[in-house]
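# Chains, contacts and geometry: an overview
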There are 2 protein chains.
Amino acid sequence: MARGPSAQRPKGTRDFAPDEMERRRAVEGRFRALARGFGYREVQTPTFEHLELFTSKSGEGVVKQLYAFKDKADRDLTLRPEITAPVLRFYVAEMAMQPKPLKLFYFGNCFRYEEPQSGRYREFWQFGTELIGPETPEAAAESVAFAHACLAASGLQGLELRVGHIGVLKALARYLAMDDGARQKLFALVDKREVQAKRSEAERILGPFLGGRAAQPLLGFLEDLSEGAKDRPTIQAEHAALLKELPEVGLALDSLGKTMEFLRAMGVQDAKEDLGVVRGLDYYTGVVFEFHSPDLGAESQVCGGGVYALAELFGGEPVGSTGFAIGFDRVLLALERSGRSPPPAKGLDAFIAPIGEPARPKAFALAAQLRAQGLAVDVDLMRRGPSKCLDYANSVGARKVVLLGSTELERGVATVKDMASGQQGEVPLEGLAEALRAA
Amino acid sequence: MARGPSAQRPKGTRDFAPDEMERRRAVEGRFRALARGFGYREVQTPTFEHLELFTSKSGEGVVKQLYAFKDKADRDLTLRPEITAPVLRFYVAEMAMQPKPLKLFYFGNCFRYEEPQSGRYREFWQFGTELIGPETPEAAAESVAFAHACLAASGLQGLELRVGHIGVLKALARYLAMDDGARQKLFALVDKREVQAKRSEAERILGPFLGGRAAQPLLGFLEDLSEGAKDRPTIQAEHAALLKELPEVGLALDSLGKTMEFLRAMGVQDAKEDLGVVRGLDYYTGVVFEFHSPDLGAESQVCGGGVYALAELFGGEPVGSTGFAIGFDRVLLALERSGRSPPPAKGLDAFIAPIGEPARPKAFALAAQLRAQGLAVDVDLMRRGPSKCLDYANSVGARKVVLLGSTELERGVATVKDMASGQQGEVPLEGLAEALRAA
């Protein structure tokens with residue numbers, strides 16, 4: 001029969017088979033265990049939201065990347081492209097009066113209309129957190145430390161953690177009274193680490209805002225930020241003259257320094273200060289951070305986050321907020337590429353093959369007893385003979401096969417075959433659960 | 001600040017706060033544990049599909065209940081209204097060659113555009129299974145038994161399980177050569193248990209297809225089916241003359257009888273044979289079943305399923321298939337209404353309150369150690385004094401508070417306060433994990 005379009009899944013989406021789902025749930029389970037350890041609790045928001053939730057946060061330009069649609073009452077809705085804005089909407093609407101800090105996490109699917117490519121899908125999953133209330137460096141540090149613990153627990157190795165502070169660049173933009181367009185262009189240059197390579201472009205962007213100031217110290221400062229290799233003390237020493245005019249930069253750098261100290265106290269020794277970490281979104285206000293995996297090539301980022309301000313945008317009071325999102329699919333891809341995927345989950349403890357009609361109902365009664373004792377058990381549902389049953393049990397990775405014939409049943413025994421060793425022997429039915437549990 | 005529309009969630013959707021998420025995850029966890037016990041493995045499909053996937057299964061009429069939209073390449077897509085069709089699409093495309101049976105489960109969100117009302121939302125969750133391969137009565141029975149085990153494990157009580165066989169009504173429709181429209185009207189009457197009350201309407205529907213046959217025996221038969229109280233042996237005895245002309249009905253009734261026998265062998269003693277169970281969808285072909293909760297009023301169904309044929313529709317070979325879907329939100333609602341919601345999850349083991357600046361980094365180092373030992377620990381992130389920390393710890397349900405002052409740290413001890421008893425005392429830091437674990 002010909003397959004119509006209905007037999008294909010939509011472009012950029014995926015179906016997950018059982019093996020893959022087990023790997024995903026195993027990693028998710030590690031994240032959940034850590035969330036509990038760090039005192040985070042789960043929230044869940046709708047899969048679609050009012051379009052305005054995201055355009056107010058990210059501007060109208062974001063619409064071209066959204067799965068936006070109108071519902072039957074002509075409301076502008078969209079599948080969510082990320083989950084921070086929904087959680088903050090939820091916070092403002094219903095949780096603003098709760099004792100602070102609120103430590104919230106989510107695990108959900110997001111949607112972006114973009115060309116599918118390796119590790120980028122139109123439907124993808126994010127595990128993320130929002131820490132709402134505190135504005136201290138230790139809060140930022142704990143958020144980084146939690147992300148660090150999750151990624152370590154996932155099994156990934158060789159990750160690079162870069163921590164910066166967006167306040168440095170923002171202070172510079174304010175100092176120069178740059179407009180939004182120019183600021184975004186300048187930040188993008190820093191983000192792409194291109195200030196040095198595209199120095200004349202950087203000069204062109206800064207030009208209209210210099211107001212008689214010399215371009216050179218500013219460009220040198222931007223180059224040092226963009227380079228990434230130079231850390232806070234070096235930058236503070238080399239640009240002392242400029243920084244005297246920019247007291248907000250000094251505050252930002254101090255806050256970053258304290259965050260790094262707390263991070264070390266928390267046991268995170270491999271964080272790299274990097275003032276070139278910019279993050280794409282305007283709502284970040286403080287410490288920002290990214291994790292990159294060596295196993296993903298150019299699109300290496302597996303987690304990003306930072307200190308942000310968003311509650312006001314949704315009508316709430318200003319409140320300290322720090323969060324991150326882990327690109328769950330990227331983590332799984334990096335694990336796969338590096339051969340560090342979680343081991344397969346434990347399969348069936350036993351497959352029961354009733355032999356002959358009268359044994360059939362008894363096999364199901366036995367299965368019910370074994371399941372009640374916590375064993376994973378399957379019974380032949382296709383009325384196959386013993387050898388086909390053994391083939392099937394083998395194909396699904398059952399550890400043992402229980403052959404249940406009528407004459408054996410009369411004697412109160414069953415034949416148990418160990419699929420790894422091939423050994424088999426009679427076991428009394430009352431001792432069956434223990435026999436199946438045995439290695 | 002005024003709240004724009006962006007501060008509201010879309011109509012008919014929900015935000016789930018941490019307490020509610022814990023209840024949901026607890027029930028989901030019980031379902032997952034049972035899935036493992038029954039040898040089912042998880043699959044996941046995209047949140048949106050080609051519109052045709054559902055219209056080919058359920059007809060164009062279904063579109064008015066769908067969140068259908070066009071993507072930017074003018075493809076007709078829709079948020080999925082259910083997950084059986086996607087799983088069968090996935091099966092046909094990628095799993096058809098795997099050893100049978102395939103025992104698959106899913107847990108996912110579905111979308112229906114309908115007026116929100118108690119227990120009915122525009123985004124809702126389904127836990128469901130598809131058992132692909134076998135066509136035996138024991139396969140149908142095991143599917144029912146698995147659903148039964150899940151619902152029992154959820155904590156619901158007093159559920160009514162109704163098991164019927166759609167083959168009976170379908171055979172009658174074939175016998176009379178009824179067209180689709182008339183058949184659907186007739187089935188709906190039976191489904192709503194209205195054949196008796198609306199006898200003249202039933203007669204009107206049957207009229208054009210009688211072809212000289214007497215209406216009376218057919219109407220009497222339909223009344224008995226619709227009544228629900230009369231079981232298979234009674235019906236077989238009372239309508240012996242009619243059933244002689246309908247050999248397919250006899251086969252269907254036999255298959256139902258065998259399914260009931262297997263169900264009893266599997267330990268399900270409370271199933272009620274009910275030939276009035278129709279299910280809304282045309283694709284059912286055999287045994288059909290529903291679970292109803294006494295805690296939900298008129299909209300009482302919490303689970304429905306049955307034997308169906310769907311692979312052919314997506315270009316696959318015919319294959320035996322049985323599945324069910326549990327209305328996850330309905331289960332949670334029934335649990336809440338009956339006061340049987342799962343108990344709250346265990347909260348924080350300890351909240352650490354550093355006293356004074358120098359104790360702060362040490363508190364985080366200590367928290368990292370305790371977390372590594374499996375404890376759920378939070379540290380004050382807002383630099384509050386001890387009494388405010390105790391208030392917060394109390395509000396989040398922390399079991400103990402660890403007060404960490406500089407002088408105590410020098411002596412290698414901390415003060416531990418039990419929040420339930422109010423008792424407090426000094427504990428050496430090396431014994432802290434055990435002290436926190438103690439009741």
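Remember, it's a predicted structure, so these values are computed and weren't measured experimentally. (Residues numbered from 1 in each chain as written. Chains lettered and ligands numbered in written order. Predicted model: local features only at pLDDT ≥ 70, side-chain atom pairs only at ≥ 80, totals over all residues. Heavy atoms only, no water.)

### Comments concerning the packing of helix α6 (residues 180-191) of chain B against helix α7 (residues 199-206) of chain B
All names here are of chain B. Relative to each other, α6 and α7 sit at 155°, their axes nearing to 10 Å. Here α7 runs roughly antiparallel to α6, going by the angle between their axes. Between α6 and α7 lies a crossing whose hand is left-handed. Packed against α6, whose contacting residues are A182, K185, L186 and L189, the element α7 presents E201, A202, I205 and L206 at the interface. Here the contact of α6 with α7 is composed, by residue class, of six nonpolar, no polar and two charged. (Axes fitted to C-alpha atoms, helices over the stretch in contact; angles between N-to-C directions. Helix = DSSP H or I, 4+ residues; strand = E, 2+ residues; numbered from the N terminus. Parallel < 35°, antiparallel > 145°, perpendicular 65-115°, else oblique. Left-handed = near helix turned anticlockwise from the far one by under 90°. Contact = heavy atoms within 4.5 Å. Nonpolar A, V, L, I, M, F, W, Y, C, P; charged D, E, K, R; others polar.)

### Notes on the interface of chain A and chain B
Across the boundary between the two partners, chain A contributes 102 residues, which contact 102 residues of chain B. Here chain A meets chain B over a buried area of about 8700 Å², counting both sides, of which 55% is carbon and sulfur. Joining chain A to chain B, the criterion identifies 20 salt bridges. R41 of chain B is paired through a salt bridge with E22 of chain A; the nearest N and O atoms lie 3.0 Å apart. Applying the counting criterion to the chain A and chain B interface returns 46 residue pairs in polar contact (both at pLDDT 80 or more). Taken together, the residues of the side of chain A that touches chain B sort by class into 50 nonpolar, 18 polar and 34 charged. (Buried area = accessible area lost by both parts, 1.4 Å probe. Salt bridge = Lys/Arg side-chain N within 4 Å of Asp/Glu carboxyl O. Polar contact = N/O pair within 3.5 Å; in protein donor to acceptor, adjacent residues only side chain to side chain.)

### So, the packing of aromatic side chains
On inspection of all chains with the given rule, the structure shows 41 aromatic pairs over all chains. Pairing F289 of chain B with F291 of chain B gives two aromatic rings, centres 6.3 Å apart and planes at 90°, and the pair type is edge-to-face. Of the residues examined, F289 of chain B reaches a relative accessible area of 0% and is grouped as buried. Each residue in the set F31, F38, Y40, F105, F107, F127, F146, F289, F291, F324 and F328 of chain A is aromatic and connected to the rest through ring pairs, giving one cluster. Above the face of the W125 of chain B ring, R24 of chain B is positioned so that its terminal group lies 5.2 Å from the ring centre. (Phe/Tyr/Trp six-rings, centres within 6.5 Å; stacked < 30°, edge-to-face > 60°. Buried < 20%, exposed > 50% of the residue type's maximum accessible area, 1.4 Å probe, protein only. Lys NZ or Arg CZ within 6 Å of the ring centre and 35° of its normal.)

### Quick notes on the relation of the copies chain A and chain B
Rotating chain A by 180° and translating it 0.0 Å along the rotation axis places it on chain B, where the RMSD comes to 0.1 Å. This pairing of chains is accounted for by a two-fold axis. For chain A, the minimum C-alpha distance to the rotation axis belongs to F69 of chain A and amounts to 3.1 Å. Both copies share a contact surface, since 100% of the interface residues of chain A are interface residues in chain B too. (Least-squares fit on C-alpha atoms with pLDDT ≥ 70 in both.)

### What about empty space enclosed by the protein?
Any empty space left between the atoms is revealed when a probe the size of a water molecule rolls over them. The tally for this structure, following the rule as stated, stands at one cavity of 30 Å³ or more. When its volume is computed, the largest cavity comes out at roughly 450 Å³. For the largest cavity, the lining is made up of 36 residues, of which F107 and W125 of chain A together with Q44, F107 and W125 of chain B are closest to its centre. Sorting the residues of the lining of the largest cavity by element identifies α1 (18-37), β5 (102-111) and β6 (123-133) of chain A together with α1 (18-37), β5 (102-111) and β6 (123-133) of chain B as the ones contributing at least two each. Among the elements that take part in the lining of the largest cavity, α1 of chain B stands out by supplying five residues, more than any other. Across the lining of the largest cavity, the residue classes tally to 14 nonpolar, 10 polar and 12 charged. (1 Å grid on protein atoms, 1.4 Å probe; cavity = no way out; pocket = protein on both sides within 12 Å on 5 of 7 lines; lining within 4 Å. Points joined across faces, edges and corners; volume = space filled by probe spheres on them.)

### Quick notes on helix α11 (residues 247-265) of chain B
Compared with the 27 Å implied by 1.5 Å per residue over 19 residues, the 28 Å span of α11 of chain B between its first and last C-alpha is a close match. Of all the residues in α11 of chain B, the buried ones are V249, A252, L253, L256, G257, T259, M260, F262 and L263 of chain B. (Expected span 1.5 Å × (residues − 1).)

### Re the state of the cysteines
Counted under the stated rule, the structure contains zero disulfides over all chains. Note on C150 of chain A: no disulfide assigned, nearest cysteine sulfur contributed by C303 of chain A at a separation of 8.3 Å. (Disulfide = S-S within 2.5 Å.)

### Points about the side chain of K170 of chain B
Residue and element names in this part refer to chain B. By the element assignment, K170 lies in helix α5 (residues 166-175). Overall, the relative accessible area of 16% leaves K170 in the buried class. With near-sequence residues (within four places) excluded, K170 lies in contact with F187, D282 and Y284.

### Concerning the sheet that holds strand β12 (residues 350-355) of chain A
Residue and element names in this part refer to chain A. Strand order in the open sheet formed by five strands is β13-β12-β14-β15-β16, and the pairing between neighbours is mixed. Strands at the two margins of the open sheet, each flanked by one partner only, are β13 (377-379) and β16 (424-428). This sheet shows a mean twist of 30° between the axes of neighbouring strands, independent of strand direction. (Pairing = 2+ DSSP bridges.)

### Details of the confidence of the model for chain A
For chain A, per-residue confidence averages 92 on the pLDDT scale, and 98% of positions sit at 70 or higher. Under the prediction, the complex receives an ipTM of 0.94, its pTM being 0.95. (pLDDT = per-residue confidence, 0-100.)

### Quick notes on the environment of D329 of chain A
Residue and element names in this part refer to chain A. Positionally, D329 belongs in helix α12 (residues 328-337). Among the residues examined, D329 registers a relative accessible area of 6% and is labelled buried. Remark: the alpha-carbon pair of D329 and F262, spanning 67 residues in sequence, is separated by 30 Å. Those residues in contact with D329 that lie beyond four places of it in its chain are R14, F16, R24, F124 and W125.

### Side note on the environment of A153 of chain A
All names here are of chain A. Inspection of the secondary structure puts A153 in helix α4 (residues 137-154). Separated by 189 residues in sequence, A153 and P342 have C-alpha atoms that sit 10 Å apart. Those residues in contact with A153 that lie beyond four places of it in its chain are R30 and L34.

### Points about the pattern of salt bridges
Across all of its chains, the model carries 84 salt bridges over all chains by this definition. The partner of R120 of chain B in a salt bridge is E114 of chain B, and the shortest N-O contact between them spans 3.2 Å. Across the pair, exposure class does not vary: R120 of chain B and E114 of chain B are buried alike. Through salt bridges with shared partners, a single network forms among R25, E28, R32 and E42 of chain A together with R25, E28, R32 and E42 of chain B.

### Notes on the sheet that holds strand β1 (residues 41-42) of chain A
All names here are of chain A. Here eight strands make up an open sheet; going across it, the order is β1-β5-β6-β11-β10-β9-β7-β8 and the pairing mixed. This sheet does not close on itself; its edge strands, each paired only once, are β1 and β8 (271-273). This element, α12, spans β5, β6, β10 (301-308) and β11 (320-327) of the sheet and lies at about 40° to β11.

### Observations regarding unusual backbone geometry
Residue and element names in this part refer to chain A. The residue after K100, namely P101, is reached through a cis peptide bond having omega 0°. Here P101 lies in the loop between α3 (84-95) and β5. Phi is positive for R383, close to 55°, though the residue is something other than glycine. Counting through the fold element by element, R383 comes out in the loop between β13 and α14 (386-395). On the accessibility criterion, R383 (33% relative accessible area) is partly exposed.

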